[in-house]
Amino acid sequence: MGERKRARPPGRELYEWIQALVCSVAAVVLVFTFAVRIIGVSGGSMRETLQDGDLLLVLDGWLCGDYVPGDIVILRRPDFHDGNPIVKRVVAAAGQTVDIDFAAGAVYVDGEALAEPYIREPTFTDEGTAFPLTVPEGCLFVMGDNRNDSDDSRNPALGPVDARSVIGRAFYLAVPGPAERTGERDWSRIRMLDQED
């Protein structure tokens, strides 16, 4: 004889759906509280890689390990840009020597010219930092991809950045900002961000 199917108590299915929903919401809250942040790009210092209004997913600093050249990072210093988060690219890490030939627009790290397919144009703007510069221990040298319209480590007011000022590493462009010319969002720009971007 086959077994009789046991009847479920009334409301049990609804309870299970609510329980699954609450667990899912709790998991999302935990992830976005302790591991991932959403940060918006403000300004044009990272064009063409990132645009004003882009929303990025950022892995919190405590999960990133060491930052390496090519990483796109978000940092905050109370004495720079009114303490607002800024988005820049790591050009050199602690112990590396940065030199910039502003006449040629070339950036050198440890004597080698960087191949930088992500920059908008060569680096012609000198903001006052003396080069060559060896990045101090625990610091990073950061620059925007739009080199001639970026306030970055070339500015003595920022200089090499203490790695503890870094909020985290951007890893995903989640929502593209409106294009400057058309005001339209280009949804095809949604992607993972890697060191080649």
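Note that this is a predicted model, so its numbers are computed, not measured.

**Thoughts on the overall build of the protein**
Scanning the protein for helices and strands turns up two helices and twelve strands. Across the 197 residues in the protein, those meeting the buried criterion constitute 40%. Across the protein, contacts joining residues at least 24 apart in sequence account for 59% of those joining residues at least 6 apart. Surface summary for the protein: the accessible area is close to 11,500 Å², and the carbon and sulfur share equals 55%.

**Topic: unusual backbone geometry**
Here the bond from Arg47 into Glu48 is cis, since omega is 5°, no more than 30 degrees from zero. With respect to the helices and strands, Glu48 occurs in the loop between strand S1 (36-40) and strand S2 (55-60). The backbone phi angle of Asp82 is positive, close to 55°, even though this residue is not glycine. With respect to the secondary-structure elements, Asp82 resides in the loop between strand S3 (72-75) and strand S4 (86-93). A positive phi is found at Asp110, a non-glycine position, where the angle reads about 50°. Position of Asp110 relative to the elements: it lies in the loop between strand S6 (106-109) and strand S7 (112-113). Judged by relative accessible area, Asp110 falls into the partly exposed class, the value being 46%.

**A few points about the environment of Arg154**
Along the chain, Arg154 falls in the loop between strand S9 (139-143) and strand S10 (161-162). Taking the C-alpha atoms as reference, Arg154 lies 6.4 Å from Gly128; in sequence the two are 26 residues apart. Setting aside residues no more than four positions away along its own chain, Arg154 makes contact with Ile100, Phe102, Thr123, Thr125, Glu127, Gly128, Thr129, Phe131, Phe141, Met143 and Arg147. A distance of 2.6 Å separates the side chain of Arg154 from the backbone oxygen of Arg147, its partner in a polar contact.

What counts, and where the lines are drawn
Residue numbers here run from 1 along each chain, matching the order of that chain's written sequence. Owing to the predicted nature of the model, reporting of local features is limited to residues with pLDDT of at least 70; listing and counting of side-chain atom pairs is limited to 80 or more, with chain, interface and lining totals taken over all residues. Only hydrogens and water are removed before side-chain values are computed, so all heavy atoms of the structure are retained for them. Numbered from the N terminus, helices here are DSSP runs of H or I no shorter than four residues, and strands are runs of E no shorter than two. Relative accessibility thresholds used throughout: buried, under 20% of the residue-type maximum; exposed, over 50%; partly exposed, between the two (1.4 Å probe, protein chains only). Contacts are assigned to residue pairs with any non-hydrogen atoms lying within 4.5 Å of each other. Note on areas: Shrake-Rupley with a 1.4 Å probe; residue coverage comes only from the protein chains shown. Between N or O atoms, a polar contact is any pair within 3.5 Å; within protein, one atom must be a potential hydrogen donor and the other a potential acceptor, and residues adjacent in sequence are included only when both atoms are from side chains.

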